[in-house]
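Chain residues, written in single-letter form:
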Amino acid sequence: MPSSTHKLLEGRRPPHATEEGAASAGTADDSKTRKHTSIFPRISNYLTRTRFLWPILIVALAIAIIYALLVHSRDSLSDSSSGYISRLIFWFDGLESDFGTLGVPWCRSRHGKTVEWSSKDLLKGLEEFVPIYETRPIKNNMYGMGFDHSFGIWFITRWLKPDLMIESGAFKGHSTWVLRQAMPDAPILSLSPRHPEKYLMKGPAYVDGNCTYFAGKDFVDFGSMDWGTVLKNHGVEDPSRALVFFDDHQNELKRLKQALKAGFKHLVFEDNYDTGTGDHYSFRQMCDQFYIRGGGHSCLKDSDEARIRFKRKKFWEKAVDMEELCAPGEAWWGVRGYMRDNFNHSNKAITYDEHFENSRFVESVLDVYWELPPVAGPSLTHQTRYDPARSSNPIVEDGRYGLFQRLGLSQLEASVFNGYTQMVYLQVSETES
């Protein structure tokens, strides 16, 4: 099956290919062309003979660039010169508007449902969240969530308004703090091998007063918890009224099955790693299938995909070239044919048939699948990690610096935008009989 990249490349042929097609279509009435020769070819021939053509073309190109910058400045009046240069480089290299060009394989929900919120809701949420984020107690959350995912879990939680919030994996407590900002009065259950208070001895951390911690010596893994008893003790009769947030770097297929068994319906996975990356098996990897739009890969070294990936590796730290994507035997699924788990401490080889069946199972229980888009384009955030060619269009697109600034995003340090890994929201239910 041809890849989506190949189809896309066919659709991005240079303009002269279309012009040639139009020219051949017009040969049926060639006499009109000869009888009414345009003045422009005559001028062009004259300029070519007199060697004036190239200087005029260069001047015309310069004028076009200046005009584009002037038009662009309507949204960028307060932009710095470095911002202009950055976006100009992106524009020339064709990287500014290439979101999704290597495919964005989303898991398919069984009834075609999607989320209730819109891009306008996301923009409105950003405007509200930025000043909240600036008050965060952990300013440098290295190895934890950055701005994109902090906004994502805050927005989803605010929208769903769950009776109970559960997080598996707390680290220093930043995600606990974000959940608390979304729902000031709702109880939180936090499961983490190490209690966040332990980090207070080394620097900033957050411990919530209305949170029940199953951490440290009291740690219980999500899959081992007696959820019926725990929910009852917290006054929650319906598990579908809870929101579960996973940031524990465990096999997401395993976590999905455990959540279904406990009756949970609303799930968010922080690190939804792309194929060939990450320390655990993710939904993005499971649903990277040939039968899904934007999915599937060829391991041919001279393919269009291979050439594009080789080029993109020079620009984006998390871009994956064919050498990294494909193992011997052309195993590209998961991470080079492996299903990773538990921070990559467990690494199990799986066949493509097993990988395929995993995606079919996910689809059989999936009611809604939604990946958080990047908050803003890379020419605005100056991030250089995730590859836009494997991501959905950002909430604030490249070139909209005025909006980026009005939302307060320009006040944030560039480093907070470097943690995007396709956070995903799932609404699930047991397989229909």
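To start, this report covers the structure provided alongside it.

How each quantity is defined
- Residues numbered from 1 in each chain as written.
- Predicted model: local features only at pLDDT ≥ 70, side-chain atom pairs only at ≥ 80, totals over all residues.
- Heavy atoms only, no water.
- Salt bridge = Lys/Arg side-chain N within 4 Å of Asp/Glu carboxyl O.
- Helix = DSSP H or I, 4+ residues; strand = E, 2+ residues; numbered from the N terminus.
- Buried < 20%, exposed > 50% of the residue type's maximum accessible area, 1.4 Å probe, protein only.
- Arc of directions from axis to C-beta.
- Pairing = 2+ DSSP bridges.
- Axes fitted to C-alpha atoms, helices over the stretch in contact; angles between N-to-C directions.
- Contact = heavy atoms within 4.5 Å.
- Core = buried A, V, L, I, M, F, W, Y, C linked by side-chain atoms within 4.5 Å.
- 1 Å grid on protein atoms, 1.4 Å probe; cavity = no way out; pocket = protein on both sides within 12 Å on 5 of 7 lines; lining within 4 Å.
- Points joined across faces, edges and corners; volume = space filled by probe spheres on them.
- Nonpolar A, V, L, I, M, F, W, Y, C, P; charged D, E, K, R; others polar.
- Lys, Arg positive; Asp, Glu negative; His and termini not counted.
- Polar contact = N/O pair within 3.5 Å; in protein donor to acceptor, adjacent residues only side chain to side chain.
- Disulfide = S-S within 2.5 Å.

Some remarks on the pattern of salt bridges
Stage number 1. What the rule picks out here adds up to 21 salt bridges.
Stage number 2. Note that Arg-158 and Glu-128 form a salt bridge whose closest N and O atoms lie 2.9 Å from each other. Of the two residues, Arg-158 is situated in helix H8 (residues 147-160) and Glu-128 in helix H7 (residues 119-133); the sequence distance between them amounts to 30 residues.
Stage number 3. Connected via shared salt-bridge partners are Asp-274, Arg-284, Asp-288, Glu-371 and Arg-390.

Re helix H13 (residues 304-312)
Stage number 1. Residues of H13 that are buried: Glu-305, Ala-306, Arg-309 and Arg-312. Projected down its long axis, H13 carries its buried residues within an arc of 135 degrees, all on one side.

Topic: the sheet that holds strand S9 (residues 424-428)
Stage number 1. The sheet built from 7 strands is open, its strands ordered S3-S2-S1-S4-S5-S9-S8 with mixed pairing. Every interior strand has two partners, whereas the edge strands, strand S3 (211-215) and strand S8 (366-371), have only one. Shown here is a sheet whose adjacent strand axes are inclined to one another by a mean of 15 degrees, direction ignored.
Stage number 2. Running at roughly 165 degrees to strand S1 (residues 164-168), helix H9 (residues 174-182) makes contact with S1, strand S2 (188-192), S3 and strand S4 (242-246) of the sheet.

Observations concerning the nonpolar core
Stage number 1. Residues Phe-147, Phe-151, Ile-153, Val-396, Leu-409 and Tyr-425 are the most contacted members of the largest nonpolar core, which totals 48 residues.
Stage number 2. Looking at this core, the elements that each hand over two or more residues are H7, H8, H9, S3, S4, S8 and helix H18 (401-406).
Stage number 3. Residue contributions to this core peak at 7 residues, all from H8.
Stage number 4. Those residues within four positions of Tyr-425 in sequence are excluded, and the remaining contacts are Val-115, Trp-117, Ile-156, Leu-160, His-266, Leu-267, Val-268, Val-368, Tyr-369 and Trp-370.
Stage number 5. Membership of the second largest hydrophobic core comes to 46 residues, among which are Cys-107, Ile-166, Leu-260 and Leu-366.

A few points about the pairing of S4
Stage number 1. The element S4 is largely enclosed, with a buried count of 5 among its 5 residues.
Stage number 2. By the alternation rule, side chains of S4 split into Ala-242, Val-244 and Phe-246 and Leu-243 and Phe-245, which are all buried.
Stage number 3. As paired strands, S1 and S4 are joined by 5 bridges and run parallel to one another. Within S4, the residue paired with Leu-164 across the bridge is Ala-242.

Notes on unusual backbone geometry
Negative phi values dominate among residues other than glycine, just as trans dominates among peptide bonds.
Stage number 1. One non-glycine residue with positive phi stands out, namely Tyr-143, at about 75 degrees.
Stage number 2. Position of Tyr-143 relative to the elements: it lies in the loop between H7 and H8.

Describing empty space enclosed by the protein
Stage number 1. Applying the stated criterion across every chain, the model contains 1 cavity of 30 Å³ or more.
Stage number 2. Among the residues forming the lining of the largest cavity, the class breakdown is 2 nonpolar, 3 polar and 5 charged.

Points about the side chain of Glu-167
Stage number 1. Among the secondary structure elements, Glu-167 is positioned in strand S1.
Stage number 2. For the buried Glu-167, no salt bridge is present, and the opposite-charge side chain at shortest range is Arg-180, 9.2 Å distant.
Stage number 3. Here Ser-175 takes part through its side chain, which lies 2.6 Å from a polar atom of the side chain of Glu-167.
Stage number 4. When near neighbours in sequence (up to four residues on either side) are disregarded, Glu-167 contacts Ser-175, Thr-176, Leu-179, Leu-189, Ser-190, Leu-191 and Phe-245.

Some words on the state of the cysteines
Stage number 1. Under the defined criterion, the tally for this structure stands at 2 disulfides.
Stage number 2. Disulfide pairing places Cys-107 opposite Cys-287 at an S-S distance of 1.9 Å. Here the disulfide of Cys-107 and Cys-287 is right-handed, its torsion about the S-S bond being about 100 degrees. Separated by 180 residues along the polypeptide, Cys-107 in the loop between helix H6 (81-93) and H7 and Cys-287 in the loop between helix H12 (283-286) and H13 bring together distant segments of the chain. The pair formed by Cys-107 and Cys-287 is uniform in burial state, with each residue classed as buried.
Stage number 3. A sulfur-sulfur distance of 2.1 Å marks the disulfide that ties Cys-299 to Cys-326. The sign of the S-S torsion, about -90 degrees, decides the handedness of the disulfide formed by Cys-299 and Cys-326: left-handed. One end of the pair, Cys-299, is in the loop between H12 and H13; the other, Cys-326, is in the loop between helix H14 (322-325) and helix H15 (333-336), with 27 residues separating them in the sequence.

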